[in-house]
Structure formats: C-alpha cells, structure tokens
Amino acid sequence: MLKLQFVDGSRESIWLVEPRLRIGRLAGNDVVLQEPEIKDSHAEIRLKDEQLYLLNRHPDYLVTVNGKRVKKAVKIGENDLIELGSFELKIVSPALEIATAKPAPVATENEEWGLQATASWASQSFYPVEGTVTIGRDESCDITVPVSHLSRKHAQLTVSGSYMVVKDLGSTNGTFLNGEKITHGRARPGDKLRFDVVNFSVTGPQSDVDQTIVRPVSAAVTQQKASSQSKPPPVTQHKSEEQVNTRKRATETSMSSNDQPVEKSKNVVLYTIFGFIVVFGALSAFFLYR
C-alpha cells in the first residue's frame with residue numbers, strides 16, 4: 001500500500017486504500033485544498049486492481065504528474081510527483097513517509113480546550129471545543145473531517161471539568177486515545193486522539209486534581225504509634241473452660257498414680273500379720289497336744 005504525502009510536510013500523509021480519493025476546495029472532498037487556483041472538485045485518485053490512477057475532473061484544471069500536464073487520466077505509482085496549484089503531492093511508500101515526516105505539534109499549557117490538527121484535510125490548525133461537539137465526515141458535524149475513512153458522525157467530545165470526555169458514536173474504523181481503541185474515555189491536555197487515520201493533539205488548561213499530595217505525619221502521632229507497637233500484648237486473666245478441665249484431669253491422674261504405692265504397702269503388712277497368727281496358732285497346738 002502507498003500513501004499520498006505533502007512534500008512540504010505541512011499535513012499528514014493519506015493512505016491510498018479507498019477506491020476513490022476526491023481532491024478539491026469544497027469541504028465534502030476527501031482532501032481539501034484551500035487555494036483560489038483549486039476548483040471545488042479538482043481531481044481524483046482512483047484505485048482499481050491494485051493500480052492507482054490520477055483523474056483530472058476537467059481539462060481546463062491544471063494537474064501535472066512529474067511536470068507533464070494531465071487532461072484526463074493517467075497511471076501513477078511510487079515516487080510520482082503531483083502538482084495541483086501550489087501544492088506538491090508525492091506518492092510514497094510508508095517507510096519513506098515515516099522517514100521524512102515532520103513531528104506533530106506539541107500542545108502547550110494553559111490553552112483553551114480544543115484539537116490541534118495534523119491531518120491533511122485540515123483547513124485550519126486548531127479546532128476549539130466548547131461544551132459538547134461532534135466530529136465526523138458529515139457537514140452537519142461541528143468539526144467536519146472530509147476523509148472517507150471516517151464515519152459520518154464519528155465521535156462526540158464533551159468538556160467536563162479537567163477532562164475532555166470522548167465517546168465513539170459507533171464508528172466503523174474506531175476511535176483511539178493514546179493508541180488504545182476506546183468506546184468511551186477521558187482525554188487530558190497532551191493526549192493523542194485518533195479517528196481512524198486522522199490524528200489530533202488535545203489542548204486544554206492544566207489541572208492539579210490528579211496529582212497525589214503526600215503530607216508528613218506529625219511527630220506526636222509517630223511517637224504514639226511507635227509506643228503502641230513496642231508494648232507487649234496484655235496477659236489474659238480469664239481461662240477458658242477447656243483449659244480448666246485439662247488441668248483438672250491432669251491433677252486427678254497424678255493423685256491416682258501417687259495412691260497406688262500406699263495401698264500396696266498396706267496389703268504387705270496385713271499379709272505379714274496374718275502369717276504370724278497362722279504360725280503362732282500352729283506352734284501353740286503342737287506344744288499343747290504333745
């Protein structure tokens with residue numbers, strides 16, 4: 001795919017991907033050239049079977065390709081130079097266009113809300129945005145972009161406090177904020193808006209509402225916090241029922257273990273006495289009946 005580039009770099013290059021690209025002074029054209037020598041509908045670039053053609057809309061209109069006047073239609077390709085009035089347009093590859101393109105203007109601080117244009121269709125560099133405005137290809141829009149890639153009503157812009165609210169109106173080729181496709185978003189000064197291939201920079205007054213302020217904590221609060229962290233946790237005076245039962249069972253077990261040796265000693269003494277009685281009785285009987 002090739003692009004149509006303004007040789008002086010004053011406008012953004014245009015992709016030559018549509019079947020027809022209309023060039024003229026009227027706002028309804030895809031490329032608007034505001035100059036007395038340019039007619040309302042001056043010329044067209046057509047794409048058919050991957051071949052580009054330049055068509056002069058009227059033999060009296062001055063259109064040249066590489067210095068040769070075009071009266072009807074002629075094939076064009078990469079590196080061909082087209083002249084329309086004082087405008088010089090060149091057919092280039094995207095790689096060459098990127099190498100020679102001028103940087104987009106940077107939005108400055110403390111400006112009114114608006115769009116800084118860098119597109120080739122733009123007849124003015126700045127489009128103010130007050131309240132709510134629409135942007136698109138249709139002439140009924142507040143900002144008309146006569147580029148066939150855009151939808152008739154492409155997007156809606158609303159100034160709301162420190163932001164410009166951007167709402168896509170169901171466009172075919174999308175709305176992009178800082179390179180990300182969106183359906184609804186908030187733009188701030190310096191952000192980049194793109195409606196398909198048409199680029200803008202957002203301008204507006206700077207605001208500090210989004211800055212994070214870190215305030216120091218007072219010494220008293222810091223000392224109190226450190227003191228509370230250094231104190232040991234309080235000792236709990238109440239014992240749970242489970243702890244009490246556990247200790248009680250342990251005590252009973254210990255007492256039961258201590259009583260067993262005492263009972264064994266008593267049994268030994270009784271058996272010993274009983275033995276003495278039996279022996280004594282036997283001896284007494286022996287001597288008595290002898």
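Here the residue index of a chain counts from 1 through its sequence in written order. Totals for whole chains, interfaces and linings use all residues, but because this is a predicted model, local features are given only for residues with pLDDT of at least 70 and pairs of side-chain atoms are given and counted only at 80 or more. Just so you know, side-chain values use all the structure's heavy atoms and leave hydrogens and water out.

**Student:** Help me out: how do you make sense of the confidence of the model for the protein chain in this one?
**Tutor:** pLDDT expresses, on a scale from 0 to 100, how confident the predictor is about each individual residue. Model confidence for the protein chain is summarised by a mean pLDDT of 77, while 65% of its residues fall at 70 or above. Low pLDDT, under 50, characterises residues 102-108; the stretch is placed with 11 contacts to residues that sit more than four places away or in other chains. By definition, residues are in contact when any of their heavy atoms lie within 4.5 Å. The model gives residues 209-222 a pLDDT under 50, and that stretch makes 4 contacts with residues more than four places away or in other chains.

**Student:** I tried to follow the pairing of strand 22 (residues 198-203) on my own but got confused; where do I start?
**Tutor:** Successive residues of a regular strand alternate their side chains across the two faces of the sheet. Counting buried positions along strand 22 gives 5 out of 6 residues, so the element sits mostly inside the fold. Note on pairing: two strands pair once DSSP finds at least 2 bridges between them. In this text, helices come from DSSP runs of H or I with a minimum length of four residues, and strands from runs of E with a minimum of two, each type numbered from the N-terminal end. Pairing between strand 12 (residues 114-117) and strand 22: 4 bridges, direction antiparallel. Across the sheet, Gln 116 pairs through a bridge with Ser 201, a residue of strand 22. Examined bridge by bridge, strand 21 (residues 192-195) and strand 22 share 4 bridges and lie antiparallel to one another. Residue pairing across strands places Arg 194 opposite Asn 199, the latter belonging to strand 22. Taken together, strand 21 and the strand that follows it, strand 22, pair antiparallel across an intervening segment of 2 residues, in which Asp 196 is found at a positive phi of about 60 degrees. Exposure is judged per residue with a 1.4 Å probe applied to protein chains only, and the accessible area is read against the type maximum: over 50% gives exposed, under 20% gives buried, and values in between give partly exposed.

**Student:** Could you clarify how one ought to interpret the sheet that holds strand 9 (residues 73-76) in this entry?
**Tutor:** Within a beta sheet, neighbouring strands are joined by backbone hydrogen bonds and run either parallel or antiparallel to one another. Pairing in this open sheet of 5 strands is mixed, and the strands run 4-3-5-6-9 from one edge to the other. Strands with a single pairing partner mark the edges of an open sheet, and in this sheet they are strand 4 (31-32) and strand 9.

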